[in-house]
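# Descriptive structure summary
These are the residues of each chain, in order.
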Amino acid sequence: MQSQEVLTLEESLVFESFTHQDAFNLATSILQRVKEEKLRRIGIRVVLDGTVIFQYLMDGKNEDMWLKRKQKTVEKFGHSGYYLFLKNEEDNSYPNDMATDDFVICGGGFPLVVNHKLKGSFCVSGLTHDMDHQLIVDAFKAYLNK
């Protein structure tokens, strides 16, 4: 996958409105998929307007450091971590940002865009970073196509 493909996805996976219930519904759909497919345990963190409105760590997950780092990365750049990862692989755009404990240039953090404004982030951690990203993308697509 190329960074431009992920950027196009970001531009298409936007919401007209987004509530706490939407966060819960999306998160539980991801958790259900993880259980059905018997994937490794994950953590989910949803931030809207600067407030954590949903966070869940599956049994055995006892820290949220990666979720916080993915959240901060989305907030700083306004893009998914997977887009940033691919862009960095293509042209070394973010080398300085990779050398800090506050951010992480990898998949699993996705921008929550509501009415064309960045309003928060939706983060998943626990699988490979590209699968973390794909869980979010698949859930957003299904939810928006209802």
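Structure first, text after, so check above.
One structure accompanies this document, and this report is about it.

Calculation criteria
- Residues numbered from 1 in each chain as written.
- Predicted model: local features only at pLDDT ≥ 70, side-chain atom pairs only at ≥ 80, totals over all residues.
- Heavy atoms only, no water.
- Pairing = 2+ DSSP bridges.
- Helix = DSSP H or I, 4+ residues; strand = E, 2+ residues; numbered from the N terminus.
- Axes fitted to C-alpha atoms, helices over the stretch in contact; angles between N-to-C directions.
- Contact = heavy atoms within 4.5 Å.
- Buried < 20%, exposed > 50% of the residue type's maximum accessible area, 1.4 Å probe, protein only.

Okay, the sheet that holds strand β3 (residues 109–114) next. Read across the open sheet, the four strands follow the order β2-β1-β4-β3; overall the sheet is antiparallel. The open sheet terminates on both sides in strands that have one partner only, identified here as β2 (51–57) and β3. Across this sheet, the average inter-strand angle for adjacent strands is 15°, counted without regard to direction. Across the sheet, helix α3 (residues 65–77) lies against β1 (43–48), β2, β3 and β4 (117–125), angled at about 155° from β4, the strand it touches most.

Here N92, not a glycine, exhibits a phi torsion of approximately 55°, which is positive. Of note, N92 is situated in the loop between α4 (81–91) and β3. Phi is positive for N115, close to 50°, though the residue is something other than glycine. Using a relative accessible area of 48% as the deciding quantity, one classes N115 as partly exposed.

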